[in-house]
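# Coordinates in review
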Amino acid sequence: QVQLVESGGGLVQAGGSLRLSCAASGNFVSINSMGWFRQAPGKQRELVAKITTARNTDYADSVKGRFTISRDNVKNTVYLQMNSMKLEDTAVYYCYTYARPTWGASRQEYWGQGTQVTVSS
């Protein structure tokens with residue numbers, strides 16, 4: 001079992017920055033892909049960014065050039081640096097990982113509890 005604990009959310013003014021972090025803990029063999037999803041009121045949950053073990057990245061078009069995802073494989077932590085934030089970035093952000101819990105087991109999806117990010121004018 002993998003537990004994901006998110007931190008760094010909060011209130012920020014438009015044009016400002018926030019840095020989210022998500023630390024994985026518990027019993028697992030390996031952490032593979034990690035990423036961030038978000039869900040705004042009335043909207044479907046969408047992928048914001050993801051990063052592989054090899055540090056290949058993928059971003060939603062709406063955040064390219066503004067957000068940067070990174071990871072620390074020693075700390076089992078993924079980060080999301082959010083710059084030049086816009087009102088439409090307001091959402092609950094969820095940390096995600098695709099991990100192998102034990103040897104011989106298939107990879108499974110794990111989710112954080114979500115953290116609120118609010119951008120004000």
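In case you missed it, the structure is sitting above this.
Attention here is on the structure that accompanies the text. Source: prediction; values computed, not measured.

## Section: the environment of Glu6
With respect to the helices and strands, the residue Glu6 is situated in strand E1 (residues 2-7). Among the residues examined, Glu6 registers a relative accessible area of 7% and is labelled buried. Considering only alpha carbons, one finds Glu6 and Gly112, 106 residues apart in sequence, at a separation of 6.6 Å. Filtering out sequence-adjacent residues up to four positions away, Glu6 remains in contact with Ser21, Cys22, Trp36, Tyr93, Tyr94, Cys95, Gly112, Gln113, Gly114 and Thr115. A distance of 3.2 Å separates a polar atom in the side chain of Glu6 from the backbone nitrogen of Gln113.

## A short note on unusual backbone geometry
Unusually for a residue other than glycine, Arg55 sits at a positive phi of about 70 degrees. The residue Arg55 is located in the loop between strand E5 (46-51) and strand E6 (57-59) in this model. A relative accessible area of 45% places Arg55 in the partly exposed class. Here Ser84, not a glycine, exhibits a phi torsion of approximately 50 degrees, which is positive. Within the secondary structure, Ser84 sits in the loop between strand E8 (77-82) and strand E9 (91-100). The class of Ser84 is partly exposed, set by a relative accessible area of 42%.

## A look at the sheet that holds E8
Within the open sheet, the 4 strands sit side by side as E1-E3-E8-E7. Their pairing is antiparallel. Strands with a single pairing partner mark the edges of an open sheet, and in this sheet they are E1 and strand E7 (67-72). Across the sheet, the axes of successive neighbouring strands diverge by a mean angle of 15 degrees, strand direction being ignored. Relative to E8, strand E3 (residues 18-26) runs antiparallel, the two sharing 6 bridges. Looking at the pairing, Ser21 lines up with Tyr79 of E8.

## Observations concerning the side chain of Arg66
In this fold, Arg66 is placed in the loop between E6 and E7. Judged by its relative accessible area of 10%, Arg66 falls in the buried class. There is a polar contact of 2.9 Å between the side chain of Arg66 and the backbone oxygen of Ser62. Apart from the residues within four sequence positions on either side, Arg66 is in contact with Gln81, Met82, Asn83, Ser84, Met85, Lys86 and Asp89.

How each quantity is defined
Residues numbered from 1 in each chain as written. Predicted model: local features only at pLDDT ≥ 70, side-chain atom pairs only at ≥ 80, totals over all residues. Heavy atoms only, no water. Helix = DSSP H or I, 4+ residues; strand = E, 2+ residues; numbered from the N terminus. Buried < 20%, exposed > 50% of the residue type's maximum accessible area, 1.4 Å probe, protein only. Contact = heavy atoms within 4.5 Å. Polar contact = N/O pair within 3.5 Å; in protein donor to acceptor, adjacent residues only side chain to side chain. Pairing = 2+ DSSP bridges. Axes fitted to C-alpha atoms, helices over the stretch in contact; angles between N-to-C directions.

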